[in-house]
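Here is what each chain is made of, one letter per residue.
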Amino acid sequence: MMILTWKKIKQLVRNLSLHTKMVMISLLTVTAISITTFGGLRYLNNAYNHQLYRVCAGNLSISSKTISERLKNVETLSSVMISSATIQNSLSALLDSDDARVHSNSNRAINNALATYKQTFANPGLRGISLYNDSFANSSNLGLIFNKNTDSIKKAVASGRAARGGITWTLDEDHTGYLLLDREVRKIDKLSLAHLGDLVIFVDLDQLVQDANRAVTTYENSIYLIFNGSRCIYSSGELPAEILNDLSSFPNTYSILTLNGHRFFAVRDTIPGYSYDYINLVPYDQITASIHSVERLLLLVLFLASFGAVVISAILIRFALLDMNRLVLRMDRFSKVPELPIPECSVHYQGRTDELGRLHQQFESMAAQIQQLIKVNYVNQLLNKDAKLKALESQINPHFLYNTLETINWRAKALKDTYISQMTEALGTLLRATLSNKQSLVDLSYELNLVHSYITIQNIRFEDRLIYQEQVDASLSNVNVPPLSIQPLLENAIRYGMEEMMDACTVILLIYRKEDRLLIEVRNEGSEFEEHLLEKLKNGEISPHGHGIGLLNIHQRIQILFGEQYGLSFHNDKGLAIATISIPYTTTHAEELAC
């Protein structure tokens, strides 16, 4: 695989049409805007999530502080109650007397005290207050199970007694979402610290959490969870146990979680003063749907805007390039036939001050100057050459020349001078081909007849010093070649070969077909070609010698007829100087080629 280098890429871009370049600029601009917009949407989405986290974290912080304050208030209530004179006296009377009347009065006084404290302490999470002693149990809420024999109460009482009057919190296993505060009631009088009873306060976490979030909840259907270590002690929504286990290790940050097929925005905090983790799950499906809906709408608008921009840019570019295309068309027509009048255009550019208008004006001015130069120089030179040719024709009449050569030939035959007869016939053939032929292409057989006539003259001239060899396939006789293209090469080969060699000089003519090309090679001994001979002839570094049509003339005629991929080339190989003509293999005539 070819690796495109930066240089090749720049060259490729340079060769693109102006229309393509401008369209590419528009596409790159639209692409850059699209990528920037998409990146902006991603950034806005992340910024929204971060802002959502800040809002939820702020609300959760306020809610956790509220819950903490409510729990602290319950602890304060417990301190007030265990030190209350009514409760201390009533429990002490039960401890010191077995009188039924004393027990009845104490029971009534404790019930009234519990009801009073329950009513006075307006804590939303307070569900009830129970006081247990060795004789009976009292409660502010008869709906609660305050039987001391339940497992939850036993656990709470055991925990409270182990704390020796300190505050303990335990989970109510019988009532989901209930916390039990337990404190052992001891006798304060005379610092006896004798056991009087057990105070148990029932706190409803669901009511406490709802009340704490009533003023700060921003998103409906939010789920709140409270964890004590890895154990979930409260959940405001129904979640499977495996999900609760996964949430127990959720870090104190925010994340988007997929739970039970739904997406939630999760935030975690800690309830101040307690070892409880507080988690808020905000339903994210609707938020995600809204965000994606907005993103799809923006992307659709962006696509339509980009498509519209590309279409409008293409139309504007095409409109802007009309003037450029007209200029290129006018220049192309003018370059083909500069002698004709300057190509007219349906749009008049005179008086326009934009860049393309000025280019058209400059082209018209330049074309007029070129035509003037053609008239002054080129046409005058043609007329001068034409005058010289006519003067020559008037001096040497071809028919007179042919008749004279025929007379010499007849006289040579009469005298039985074979050499003079052969040279006269060969010279007549050459002159007739040179002066009479007006075609741009001839058959190879016709050109070879001229070659044979020329070689006949040279063989008579140089005798045994010239050895001519010819290797031509007979099937190539009807192939078309430019006239007088082989003879000058032979003349050049004989001239330079014979100059350098005192012995015999071998000249070889080799004509063959290679794929779609016809190759004509002239090889000679005794000389060699300079490097870059054609370039030096074109630049005037060296001047051609000899008579007849020059090598540069042959090369230029071939390229005019067939294109720049064909022409004349020179090289040296194993002591031979080799001149090669490359032309397309064709049997059509010049008139057909021109069409």
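Coordinates for the structure precede this section.
Below is a short write-up of the structure. (Residues numbered from 1 in each chain as written. Predicted model: local features only at pLDDT ≥ 70, side-chain atom pairs only at ≥ 80, totals over all residues. Heavy atoms only, no water.)

1. A short note on the overall build of the protein chain
No. 1: From N to C terminus, the protein chain includes 16 helices and 17 strands.
No. 2: A buried classification covers 38% of the 595 residues belonging to the protein chain.
No. 3: The contacts of the protein chain with a sequence gap of at least 6 include a subset with a gap of at least 24, amounting to 62%.
No. 4: As displayed, the protein chain offers around 35,000 Å² of accessible surface, 56% of which is attributable to carbon and sulfur atoms. (Helix = DSSP H or I, 4+ residues; strand = E, 2+ residues; numbered from the N terminus. Buried < 20%, exposed > 50% of the residue type's maximum accessible area, 1.4 Å probe, protein only. Contact = heavy atoms within 4.5 Å. Areas by Shrake-Rupley, 256 points an atom, 1.4 Å probe, with all protein chains shown as cover.)

2. Focus on unusual backbone geometry
The phi torsion of most residues other than glycine is negative, and most of the peptide bonds are trans.
No. 1: The backbone of Arg164 shows a phi angle near 55°, a positive value even though the residue is not glycine.
No. 2: Inspection of the secondary structure assignment puts Arg164 in the loop between helix 5 (151–162) and strand 3 (168–171).
No. 3: For Lys574, which is not glycine, the phi torsion reads 55° and is therefore positive.
No. 4: The topology assignment puts Lys574 in the loop between strand 16 (567–573) and strand 17 (576–584).

3. A look at the packing of aromatic side chains
The geometry of an aromatic ring pair comes down to the distance between the two centres and the angle between the two planes.
No. 1: Under the defined criterion, the tally for this structure stands at 5 aromatic pairs.
No. 2: On the basis of an interplanar angle of 20° and a centroid distance of 6.3 Å, the ring pair of Phe303 and Phe307 is categorised as stacked. Of the two residues, Phe303 and Phe307 both sit in helix 8 (residues 285–336), 4 residues apart, roughly one turn of that helix.
No. 3: Taking the relative accessible area as the measure of exposure, Phe303 reaches 53% and is therefore exposed.
No. 4: Taken together, a centroid distance of 6.2 Å and an interplanar angle of 70° make the contact between Phe562 and Tyr566 edge-to-face.
No. 5: Under the relative-accessibility criterion, Phe562 is labelled buried at 13%.
No. 6: Judged by relative accessible area, Tyr566 falls into the buried class, the value being 13%.
No. 7: When the ring centre of Tyr585 is taken as reference, the NZ or CZ atom of Arg513 above it lies at 3.8 Å. (Phe/Tyr/Trp six-rings, centres within 6.5 Å; stacked < 30°, edge-to-face > 60°. Lys NZ or Arg CZ within 6 Å of the ring centre and 35° of its normal.)

4. A closer look at the nonpolar core
No. 1: If you look at the biggest cluster of nonpolar residues, it comprises 45 residues, and the most contacted ones within it are Trp169, Ile201 and Ile226.
No. 2: Broken down by element, the residue count for this core peaks at 8 residues, all from helix 2 (residues 18–82).
No. 3: Judged by nonpolar contacts, the second largest core, of 42 residues, contains Leu490, Leu518, Leu533 and Ala577. (Core = buried A, V, L, I, M, F, W, Y, C linked by side-chain atoms within 4.5 Å.)

5. Description of the pairing of strand 15 (residues 517–524)
No. 1: The buried fraction of strand 15 is high, at 6 of 8 residues.
No. 2: As paired strands, strand 14 (residues 505–514) and strand 15 are joined by 8 bridges and run antiparallel to one another. Bridge assignment links Arg513 to a residue of strand 15, and that residue is Leu518.
No. 3: Adjacent in sequence and paired antiparallel, strand 14 and strand 15 are bridged by 2 residues, among which Glu515 carries a positive phi angle near 60°.
No. 4: With 8 bridges joining them, strand 15 and strand 17 adopt antiparallel strand pairing. Within strand 17, the position partnered with Arg517 by the bridge is Pro584. (Pairing = 2+ DSSP bridges.)

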